[in-house]
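# Examining the three-dimensional arrangement
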Amino acid sequence: MTDDAESRVDGGADAERAAGGPGPVDSDAEAAPSGDAGGAFGDDAPSFEDLSLPQRVFVAAVQNPTRGVVIVGLLAFGFSFYVAFWLVFPRVAAFMSAIGAVLVAIVALVYLISDRVSG
């Protein structure tokens, strides 16, 4: 709870709702016409499962842009260490990159197989 919730003007509204009294009036519900109960999309609203991975990333970034900026910053920081690793130890970095590529290929293969089996 925030301090705003404690300093509301309708201080007894929670007690009234608990006792079965009427809830506060939603001004948005009164302003909307009765035929627009489904929102802008109506019954054709896409579910989160129908979205592709880039669309899901976009939705997550719009919902919490600070988290997106932090993740991009951390990825840039990690990439700079990867470049420095290549500059200092090129053979070790090449070996570890090859191992990483094999692991990514295995994960992609498992993803494709599981997608075909479940679909």
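Residues numbered from 1 in each chain as written. Predicted model: local features only at pLDDT ≥ 70, side-chain atom pairs only at ≥ 80, totals over all residues. Heavy atoms only, no water.

## Quick notes on the overall build of the chain
Operational definition: Numbering of helices and strands runs from the N terminus; a helix is a DSSP stretch of H or I covering at least four residues, while a strand is a stretch of E covering at least two. Each residue's exposure class comes from its accessible area (1.4 Å probe, protein chains only) as a fraction of the maximum for that residue type: buried when under 20%, exposed when over 50%, partly exposed otherwise. Here, Shrake-Rupley sampling with a 1.4 Å probe gives the accessible areas, and only protein chains in the shown set may cover a residue.
Scanning the chain from N- to C-terminus turns up 6 helices and 0 strands. The N-to-C order of helical and strand elements in the chain reads α-α-α-α-α-α. Within the span of the chain, comprising 119 residues, buried residues form 3% of the whole. Summed over its atoms, the accessible surface of the chain is roughly 10500 Å², and 67% of this surface lies on carbon and sulfur atoms.

## A word on the packing of helix α5 (residues 65-88) against helix α6 (residues 90-118)
The description of two packed helices rests on the angle between their axes and on the distance between the axes. The following threshold applies: For every element, the axis is a line fit to its C-alpha atoms; helices are fit only across the contacting stretch, and the angle between N-to-C directions ranges from 0 to 180 degrees. Here the word oblique covers every angle except those under 35 degrees (roughly parallel), over 145 (roughly antiparallel) and from 65 to 115 (roughly perpendicular). Between two residues, a contact is recorded if the distance between any of their heavy atoms is within 4.5 Å. Residues are grouped as follows: nonpolar covers Ala, Val, Leu, Ile, Met, Phe, Trp, Tyr, Cys and Pro; charged covers Asp, Glu, Lys and Arg; every other residue, Gly included, is treated as polar.
Put simply, α5 and α6 touch, their axes get as near as 5 Å, and they point 125° apart. On the basis of the axis angle, α5 is oblique to α6. Residues Tyr82, Phe85, Trp86, Leu87 and Val88 of α5 lie in contact with α6, whose contacting residues are Pro90, Val92, Ala93, Ala94, Met96 and Ser97. For the contact of α5 with α6, a count of residues per class yields 10 nonpolar, 1 polar and no charged.

## Let's talk about the packing of aromatic side chains
Stated precisely, the cut-off is as follows: Pairing of aromatic side chains here covers Phe, Tyr and the six-membered ring of Trp, requires ring centres within 6.5 Å, and sorts the geometry by plane angle: under 30 degrees stacked, over 60 edge-to-face, intermediate tilted.
If you walk through the whole model with that rule in mind, you get 3 aromatic pairs. When the ring of phenylalanine 77 is compared with that of phenylalanine 81, the centres are 5.0 Å apart and the planes differ by 70°; the resulting orientation is edge-to-face. Of this pair, phenylalanine 77 and phenylalanine 81 both sit in helix α5, 4 residues apart, roughly one helical turn. Phenylalanine 81 gets classed as exposed once you look at its relative accessible area, which sits at 52%.

## Side note on α5
Quick note on the threshold: The span one expects for a helix is its residue count, reduced by one, times 1.5 Å.
Compared with the 34 Å implied by 1.5 Å per residue over 24 residues, the 35 Å span of α5 between its first and last C-alpha is a close match. Counting buried positions along α5 gives 0 out of 24 residues, so the element sits mostly on the surface.

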